[in-house]
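Structure at a glance
As a plain string of letters, each chain reads:
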Amino acid sequence: MKKICLFLSLLVLLLPFTHACENKADESGTEMLNLTSGFDEFYKARHLVCWQDVAAVYSAKLKISDYEYTYSLEKTETLTDRAGYVISVSLIARQGNDVSAYDTDNYIDEIKTALDNGYAALTVKEMALCFFALTAAETDFDNEKAAKHLETLQEENGGFPVSADYANPDAESSAYALNVIMLSRRYISDNCYNGVLRYLGNKINDDNTLSDIDNKKSAFTTALTLNSLISASIPLDGEISTSLTTAINSGFKVEENPSLTGYKRYKDDTAIDRTVTGEVMLCFAATSYGNLWINFITQDNSDI
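Read on for an overview of the structure. This structure is a prediction, so every number in the text was calculated from the model and none was measured.

Cut-offs used in this document
- Residues numbered from 1 in each chain as written.
- Predicted model: local features only at pLDDT ≥ 70, side-chain atom pairs only at ≥ 80, totals over all residues.
- Heavy atoms only, no water.
- Helix = DSSP H or I, 4+ residues; strand = E, 2+ residues; numbered from the N terminus.
- Buried < 20%, exposed > 50% of the residue type's maximum accessible area, 1.4 Å probe, protein only.
- Contact = heavy atoms within 4.5 Å.
- Areas by Shrake-Rupley, 256 points an atom, 1.4 Å probe, with all protein chains shown as cover.
- Axes fitted to C-alpha atoms, helices over the stretch in contact; angles between N-to-C directions.
- Parallel < 35°, antiparallel > 145°, perpendicular 65-115°, else oblique.
- Left-handed = near helix turned anticlockwise from the far one by under 90°.
- Nonpolar A, V, L, I, M, F, W, Y, C, P; charged D, E, K, R; others polar.
- Expected span 1.5 Å × (residues − 1).
- Salt bridge = Lys/Arg side-chain N within 4 Å of Asp/Glu carboxyl O.

Moving on, we get to the overall build of the protein. Of the regular secondary structure elements, the protein holds 14 helices and four strands. Within the protein, buried positions represent 56% of all 304 residues. Excluding contacts between residues fewer than 6 apart, the proportion of contacts in the protein whose partners are at least 24 apart in sequence is 67%. Of the roughly 13000 Å² of accessible surface on the protein, a fraction of 45% belongs to carbon and sulfur atoms.

What follows is the structure in structure tokens.
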């Protein structure tokens with residue numbers, strides 16, 4: 001598979017924006033890219049340990065309550081940790097489970113304040129996680145100011161840096177930015193939207209992976225980018241989805257023993273990284289059911 005083919009496929013997306021709702025899962029794509037078939041077995045044995053795990057199970061239309069999920073609620077040290085906590089609790093609640101033991105009100109207030117008034121101090125990743133958290137929690141917020149600030153961070157080549165304090169863009173920050181753009185599309189110019197797609201298309205390596213800020217080919221960055229491209233309505237069963245998921249499975253999958261499979265961050269790693277595995281699982285769920293955050297704002301996402 002030639003990189004140029006993927007880039008040309010991305011160019012199909014560079015059209016005047018009509019509506020961000022075109023993110024519905026194609027039934028044939030669900031059959032062709034059935035990458036979620038092992039979720040139940042994996043999570044019953046390995047539990048849900050990060051917010052990405054919870055989101056992956058939710059996205060795959062499985063019952064979160066069928067799995068041990070308390071481990072995913074342990075980290076609250078940083079803003080992104082607290083956003084992840086809100087995501088997990090909100091998704092658990094959306095499936096009708098009792099979450100009265102988990103107080104999210106203070107965290108939601110903090111996240112909302114950060115987006116309403118403190119957006120200039122946020123990294124692109126922090127901004128994205130805050131958007132995801134408030135979307136999952138069904139909390140209204142003024143996303144226009146944060147979205148327009150995000151656009152000012154875009155570099156001439158279309159990419160986004162970690163924050164305003166960084167000079168060079170990277171694929172991971174740009175992928176987070178694209179998902180925020182799609183959640184705030186009416187406030188973002190076509191030039192910004194087209195630019196970040198071109199940038200991400202150019203960042204796809206010859207082996208259909210993407211590299212992180214340290215210029216290392218990364219399963220996390222590849223999965224995050226594909227999920228963000230899905231938010232921009234690339235075909236779930238198309239060339240880009242197929243090529244990137246194949247690259248993840250061929251280059252980063254780890255089988256420590258017959259009953260323990262997961263994903264490592266870098267090709268030269270040897271051990272499973274559960275945060276990376278969660279991000280990959282969330283991406284795989286998106287290839288069957290669409291980008292979770294876009295689903296929330298564009299359709300009735302039927303809960304179990």
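Attention now goes to the environment of Leu-292. The topology assignment puts Leu-292 in helix H14 (residues 292–298). It is 9.2 Å that separates the C-alpha atoms of Leu-292 and Phe-132, two residues lying 160 residues apart in sequence.

Taken N-terminus to C-terminus, the directions of helix H3 (residues 39–46) and helix H13 (residues 274–289) make an angle of 155 degrees; their axes are 13 Å apart at the nearest point. Classified by the angle between their axes, H3 and H13 sit roughly antiparallel to one another. Every pair of crossing elements has a handedness; the one defined by H3 and H13 is left-handed. Of the residues in H13, those touching H3 at Phe-39, Phe-42, Tyr-43 and Arg-46 are Arg-274, Thr-277, Gly-278, Met-281, Phe-284 and Ala-285. Across the contact of H3 with H13, the residue classes break down as six nonpolar, two polar and two charged.

Between helix H5 (residues 79–94) and helix H7 (residues 124–136), the least distance of the axes is 8 Å, while the angle of their chain directions is 20 degrees. Here H5 lies roughly parallel to H7, going by the angle between them. Every pair of crossing elements has a handedness; the one defined by H5 and H7 is left-handed. Of the residues in H7, those in contact with Leu-79, Thr-80, Ala-83, Val-86, Ile-87, Ser-90, Leu-91 and Arg-94 of H5 are Glu-126, Leu-129, Cys-130, Phe-132, Ala-133, Thr-135 and Ala-136. Class assignment for the residues of the contact of H5 with H7 results in ten nonpolar, three polar and two charged.

Below, the discussion takes up helix H11 (residues 219–231). Between its first and last C-alpha atoms H11 spans 18 Å; for 13 residues at 1.5 Å apiece the expected length is 18 Å, and the two agree. In the stretch just after H11, Ser-233 is the one whose phi turns positive, near 80 degrees.

Here we come to the environment of Ile-111. Position of Ile-111 among the secondary structure elements: in helix H6 (residues 105–116). Taking the C-alpha atoms as reference points, Ile-111 and Ala-83, separated by 28 residues in sequence, lie 7.2 Å from one another. Dropping the residues within four chain positions of it, Ile-111 is found in contact with Leu-79, Arg-82, Ala-83, Val-86, Cys-130, Ala-133 and Leu-134.

Attention shifts here to the pattern of salt bridges. Two side chains that carry opposite charge are able to pair once their charged atoms sit near each other. All chains considered together, the criterion is met by twelve salt bridges. Arg-274 serves as the salt-bridge partner of Asp-53, at 3.0 Å between the closest nitrogen and oxygen. With Asp-53 in helix H4 (residues 51–59) and Arg-274 in helix H13, this residue pair connects regions lying 221 residues apart in the sequence. With respect to burial, Asp-53 and Arg-274 carry one shared label: buried. A salt bridge links Lys-75 to Asp-81; the shortest N-O distance between them is 3.9 Å. Several salt bridges converge on common partners, so that one network encompasses Asp-207, Lys-217 and Lys-267.

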